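Breakdown of the fold
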Amino acid sequence: MEVNDEAVKDAVRRACEDVGLPLAYRFAVSQLLRTPPADWPTCCGEGCFPCSQSLADAAARALELLGQPRPAR
């Protein structure tokens, strides 16, 4: 996916807002969009912030906003 496309940037921004992720993490979410969803990290249970699952949730929401199906995890 071309993460520098304005539609993708807008979807990532909105997705971060939708899942409550600070906009400072837009780059990390964008990078996930370049990776197959099966390879996205999951929560390790250590209480990290941001949680890897939050980043994945934002990436999945961005895909939804772009009209693509939400990836199965």
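For the structure itself, consult the block above.
How each quantity is defined
Residues take numbers from 1 onward in each chain, read along the sequence in its written order. Thresholds applied to this predicted model are a pLDDT of at least 70 for local features of residues and 80 or more for the giving and counting of side-chain atom pairs; totals over whole chains, interfaces and linings are not thresholded and use all residues. Values reported for side chains reflect all heavy atoms of the structure, with hydrogen atoms and water molecules removed beforehand. For helices the rule is a DSSP run of H or I covering at least 4 residues; for strands it is a run of E covering at least 2, with both sets numbered from the N terminus onward. Buried, partly exposed and exposed residues are distinguished by accessible area as a fraction of the type maximum, computed with a 1.4 Å probe on protein chains only: under 20%, between the cut-offs, and over 50%, respectively. In this analysis, two residues are considered to be in contact whenever any of their non-hydrogen atoms come within 4.5 Å of each other. To be clear on the numbers: accessible area is Shrake-Rupley with a 1.4 Å probe, and residue cover counts the displayed protein chains and nothing else. In this tally Asp and Glu are treated as negative and Lys and Arg as positive; neither His nor the chain ends contributes. Positions of charges follow a simple convention, taking NZ of Lys, CZ of Arg, CG of Asp or CD of Glu. The nonpolar core is taken to be a set of buried Ala, Val, Leu, Ile, Met, Phe, Trp, Tyr and Cys residues, with the residues joined through side-chain atoms within 4.5 Å.

Quick look at the overall build of the protein chain
- Across its full length, the protein chain carries three helices and zero strands.
- Its helices and strands in sequence order give the protein chain the pattern α-α-α, from N to C terminus.
- Along the first, second and third principal axes, the C-alpha set of the protein chain runs to 35 × 25 × 15 Å.
- Among the 73 residues that make up the protein chain, the fraction classed as buried is 30%.
- Taking contacts inside the protein chain between residues at least 6 apart in sequence as the whole, the part at least 24 apart equals 59%.
- If you sum the accessible surface of the protein chain, you get close to 4,400 Å²; carbon and sulfur atoms cover 50% of it.
- Across the protein chain, the 8 positively charged side chains and the 10 negatively charged ones have centroids separated by 2 Å.

Some words on the nonpolar core
- Core analysis: the largest hydrophobic core is formed by 18 residues, its most contacted members being V12, L21, V29, L33, W40, A59 and A62.
- Put simply, the parts of the chain that give this core at least two residues each are α1 (6–19), α2 (26–32) and α3 (52–65).
- It is α3 that contributes the most residues to this core, seven residues altogether.
- With sequence-adjacent residues up to four places away left out, V12 is seen in contact with R26, V29, S30, L33 and A62.

So, to be careful, I would describe these as geometric facts and stop short of saying anything about function.
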